[in-house]
Amino acid sequence: MRSKPESIKEQSAVTENIDLLRWVDDTARLTKPASIHWCDGTQGEYDSFIHQMLKDGTLVELNQKSHPNCYLHRSRANDVARTESLTFICTRDKETAGPNNNWMSPPAAKERVGKLFDGCMRGRTMYVIPYLMGPPGSPYSKVGVEVTDSLYVAASMHIMTRVGNVALQHLRTSHDFVPGLHSTGDLSPDRRFILHFPEEKLIWSFGSGYGGNALLGKKCFALRIASCLALREGWMAEHMLVIGLEDPSGQVTYMAGAFPSASGKTNLAMMVSAMQDEGYKVWTVGDDIAWLHIDADGQLRAINPEAGFFGVAPGTSFATNPIAMETIRRNTIYTNVAVTPAGEPWWEEIGSEPPEGLIDWKGSQWSKVEGKAAHPNSRFTAPAGQCPSISPRWEDPRGVPISAILWGSRRSTLVPLVMQAFDWQHGVFLGSGMGAETTAAATGTVGVVRRDPMAMLPFCGYNMADYFAHWLKIGQQLKRPPLIFRVNWFRKDQNGNFVWPGYGENIRVLRWILERIRGAGGARETAIAYLPTPNAINTEGLALAPGAMEDLTSVDRSGWLNGVKEMEKFYVQFGDRLPSEIWNEHRKLRSRLEA
Ligand code: OXD
Ligand code: MN
């Protein structure tokens, strides 16, 4: 479907949506491409994109016997992660964006970045990608249209979203779509801007080809813009996995979990339960983003707006995540992993030694002295439908009912293995003050503790004080609010070893959570939350160090008092806008700890 960027009339064979045609036409006038390609989302189109990228070197073919339809993309060395410092929320009023966001006024942003877009697609093809976020036929699904000059982006959007007619059908003649303009530009970080205009539901991304910056359906739309829409419309767009936990009777209970980037969300979402023989099994609904709505009965329901996984490769192995390993054996685009001489993808902790002749993520012969062979934030992009543990309800247009919400982040000290909030308000407070060790998913130092409320610090498209208020308000509208838990699989001992085995053994924690949902499970009230009683979590058969479980389920009062001070430093930046309920919970926690 190629055409010259001429009149709206020529493009109207694809859609009759005048607003969409007008926006595409205006965009073409700005970026001045040589031709326009409207994506139809078909397999034939995907195959032709792959073919072109193999020809021009954007992709390298991997071993088609062991990894059919799998390819490798190597990005620029300076374009390997989300760049939070170059990500902006552009609202009329700076306070609307809040201290949690970088801000530019919309006219200033358009003036500055409009110049970069002017003529940036000269001599190149502009791809127009209509895409649907959410299951077809769901009242909760929404349409986006990304315009890009990157074939890698167009192909990746095919995997991560539902592209083409399905989106145009959902949209019909409505003007209710989120336009997103993307160009890789010259990939210079000096000319890199990820801009969001929530007031006009618009995204502009320039100068990066990295997934989180360039696949605009994901972080830009499904979180930053969607969080603003959700505030207005009374729902929630969250950085959450969604799983179904099946019990021995076959009943499935759904849970949503917010974990910061590269903190084991995909592993938890695809967990092979260590208690499978006893009838406990985990089903995957989504691994990164959940849109949560209140239904007519006052029940919170979740859909996964995405259609694929954009997961972190290093650390993924048959031991840690066999389901992911199965999922990414075919139809997968890898980015910045290493390659073996047999043409197979390789990364650190994949479960095999680096073979002789390994090629690193930059395309050079790898040698140990040069450090990691795969980039720590190397990724796989794979269709969700081919995941062996995908839930039969992952595309249910009504979504799945949520019974529990988990907050999780990497904390090597202090935070217990699991704890239950006293109630919704206390749970919102625990989420709002969540500390997290930074990871390689964003540029910057790794391993530093920062406040990452609800794992949304990089993704909340508006002032987080209002976000906390929104969470509190949603709780009041729910007939039976989900129980809220804080989990932490990442505690380390003095020698730096993990105290809890994690992965499939986390089912033991999920089972306790399930018991709590059902009004059972041993728990004791402490200063910070309800903690499991000594034998409430079954540890039979685990090789835990003596005293490990006591450590993992006790309260370090002085450590928590320090944490309370850190929270205070974070909260004060929101001034009077911070809901009084958050301050009340903060005060109550301090006095309980001091008692
Ligand atoms: C992601 C992220 O890619 O959170 O999911 O960075
Ligand atoms: Mn994420």
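Residues numbered from 1 in each chain as written. Chains lettered and ligands numbered in written order. Predicted model: local features only at pLDDT ≥ 70, side-chain atom pairs only at ≥ 80, totals over all residues. Heavy atoms only, no water.

Q: Provide a residue-level description of the site of ligand 1, including the pertinent values.
A: Near ligand 1 the following residues occur: R82, K218, K219, H239, S261, D288, F310, R379, A441 and F459. K219 places a polar side-chain atom, nitrogen or oxygen, 2.9 Å from an oxygen atom of ligand 1. Contact between ligand 1 and D288: an oxygen atom at 3.1 Å from a side-chain N or O atom of the residue. Its residues assigned to classes, the shell around ligand 1 shows three nonpolar, two polar and five charged. (Near = heavy atom within 4 Å. Polar contact = N/O pair within 3.5 Å; in protein donor to acceptor, adjacent residues only side chain to side chain. Nonpolar A, V, L, I, M, F, W, Y, C, P; charged D, E, K, R; others polar.)

Q: Tell me about the packing of helix α16 (residues 557-572) against helix α17 (residues 580-594), and please be specific about residues and values.
A: Packing of α16 against α17 brings their axes to within 10 Å, and their N-to-C directions diverge by 160°. In terms of their interaxial angle, α16 and α17 are classed as roughly antiparallel. Classified by chirality, the crossing of α17 by α16 is left-handed. Every residue of α17 that contacts α16 at R557, W560, L561, V564, M567, E568, Y571 and V572 is listed here: I582, W583, H586, L589, R590, R592, L593 and E594. Grouping the amino acids of the contact of α16 with α17 by side-chain chemistry returns ten nonpolar, one polar and five charged. (Axes fitted to C-alpha atoms, helices over the stretch in contact; angles between N-to-C directions. Helix = DSSP H or I, 4+ residues; strand = E, 2+ residues; numbered from the N terminus. Parallel < 35°, antiparallel > 145°, perpendicular 65-115°, else oblique. Left-handed = near helix turned anticlockwise from the far one by under 90°. Contact = heavy atoms within 4.5 Å.)

Q: Just give me the short version of the coordination of the manganese ion (ligand 2), but keep the residues and values in it.
A: At this site the manganese ion (ligand 2) is bound by K219 (NZ), H239 (NE2) and D288 (OD), with donor distances of 2.2 Å. Here the donor residues of the manganese ion (ligand 2) are spaced in sequence according to K-x19-H-x48-D. Of the two residues, K219 is situated in helix α9 (residues 217-233) and D288 in the loop between β16 (281-286) and β17 (290-294); the sequence distance between them amounts to 69 residues. (Donors = N, O, S within 2.8 Å, 3.2 Å for Na, K, Ca; no water.)

Q: Lay out the pairing of strand β12 (residues 202-206) with the relevant residues and their values.
A: The buried fraction of β12 amounts to five of the five residues, a majority that puts the element mostly inside the structure. Residues of β12 alternate between two faces, with L202, W204 and F206 on one and I203 and S205 on the opposite face, all of them buried. Pairing analysis gives five bridges linking strand β11 (residues 193-197) to β12, with the strands arranged antiparallel. The partner of F197 across the bridge, within β12, is L202. (Buried < 20%, exposed > 50% of the residue type's maximum accessible area, 1.4 Å probe, protein only. Pairing = 2+ DSSP bridges.)

Q: For the confidence of the model for the chain, give the residues involved together with the corresponding values.
A: Residue-level pLDDT values for the chain average 95, and 98% of them are 70 or greater. Under a pLDDT of 50 for its full length, residues 1-6 has, in the predicted model, 24 contacts with residues more than four places off or in other chains. (pLDDT = per-residue confidence, 0-100.)

Q: If you had to explain unusual backbone geometry to someone new, which residues and values would you point to?
A: For K32, which is not a glycine, the phi torsion comes out positive at approximately 55°. Its location among the elements puts K32 in the loop between α2 (18-31) and β2 (35-38). Residue class for K32 comes out partly exposed when judged on its relative accessible area of 31%. Even without glycine at this site, R172 takes up a positive phi of about 50°. By secondary structure assignment, the location of R172 is in the loop between α7 (165-171) and β10 (177-183).

Q: So what about the packing of helix α12 (residues 424-432) against α17? Which residues, and what values?
A: Contact geometry of α12 with α17 gives a least axis separation of 9 Å together with a crossing angle of 85°. The angle between α12 and α17 falls in the class roughly perpendicular. For the pair formed by α12 and α17, the contact residues are Q425, H426, V428, F429 and S432 on the first element and E581, I582, E585, H586, L589 and R592 on the second. For the contact of α12 with α17, the per-class residue count stands at four nonpolar, four polar and three charged.

Q: How would you summarise the environment of T438 if you had to cite specific residues and measurements?
A: Mapped onto the secondary structure, T438 falls in the loop between β26 (435-437) and β27 (449-451). For T438, a relative accessible area of 17% corresponds to the buried category. Considering only alpha carbons, one finds T438 and A324, 114 residues apart in sequence, at a separation of 23 Å. Other than its neighbours up to four places away in sequence, T438 contacts T445, V446, G447, V448 and R450.

Q: I'd like to hear about helix α13 (residues 464-477), residue by residue, with values.
A: Spanning 14 residues, α13 covers 20 Å between terminal C-alpha atoms, matching the ideal 20 Å at 1.5 Å per step. All buried positions along α13 are accounted for by M464, A465, Y467, F468, H470, W471, L472, I474 and G475. A distance of 2.9 Å separates the backbone nitrogen of A465 from a side-chain oxygen at the start of α13, and that oxygen is part of N463. (Expected span 1.5 Å × (residues − 1).)

Q: Explain the state of the cysteines to me, and be specific about the residues and the numbers.
A: The final tally for this structure, using the stated rule, is zero disulfides. C387 provides the cysteine sulfur closest to C70, a residue in no disulfide bond, and the two sulfurs are 15 Å apart. Free cysteine C220: the closest other cysteine sulfur is in C90, separated by 11 Å. (Disulfide = S-S within 2.5 Å.)

Q: Explain the sheet that holds strand β4 (residues 71-73) residue by residue, including any values.
A: Read across the sheet, five strands follow the order β3-β4-β20-β23-β19 without closing on themselves; strand pairing throughout is mixed. In this open sheet, the two edge strands, each paired with only one partner strand, are β3 (59-61) and β19 (308-312). Each adjacent strand pair in this sheet contributes to an overall mean axis angle of 25°, direction not counted. As paired strands, β3 and β4 are joined by three bridges and run antiparallel to one another. Across the sheet, L59 pairs through a bridge with H73, a residue of β4. Across the sheet, helix α3 (residues 43-56) touches β3, β4 and β20 (333-335), and the angle it forms with β3 is around 95°.

Q: Lay out the packing of aromatic side chains with the relevant residues and their values.
A: In the structure shown here, the tally under the stated rule is 22 aromatic pairs. Plain terms: the ring middles of F485 and W512 are 6.1 Å apart, the flat faces sit at 80° to each other, and that makes the pair edge-to-face. Of this pair, F485 sits in strand β28 (residues 483-487) while W512 sits in helix α14 (residues 507-517), placing them 27 residues apart in sequence. W512 matches F485 in its accessibility class, with the two residues each being buried. Linked through ring pairs, F429, Y462, Y467, F468, F570, Y571, F574 and W583 together constitute an aromatic cluster. Positioned above the aromatic ring of F197 is the side chain of K110, whose terminal nitrogen or guanidinium carbon lies 4.8 Å from the ring centre. (Phe/Tyr/Trp six-rings, centres within 6.5 Å; stacked < 30°, edge-to-face > 60°. Lys NZ or Arg CZ within 6 Å of the ring centre and 35° of its normal.)

Q: Hey, could you go over the side chain of H182 for me, with residue numbers and the actual values?
A: Its location among the elements puts H182 in strand β10. At 2.8 Å, the side chain of H182 and the side chain of T148 are in polar contact. Here the side chain of H182 touches S208 through a polar contact of 2.7 Å, landing on its backbone oxygen.

Q: Tell me what's going on with the environment of A441, and back it up with residues and numbers.
A: Its place among the elements puts A441 in the loop between β26 and β27. When its relative accessible area of 2% is taken as the criterion, A441 is described as buried. Between the C-alpha atoms of A441 and M160, which are 281 residues apart in sequence, the distance is 18 Å.

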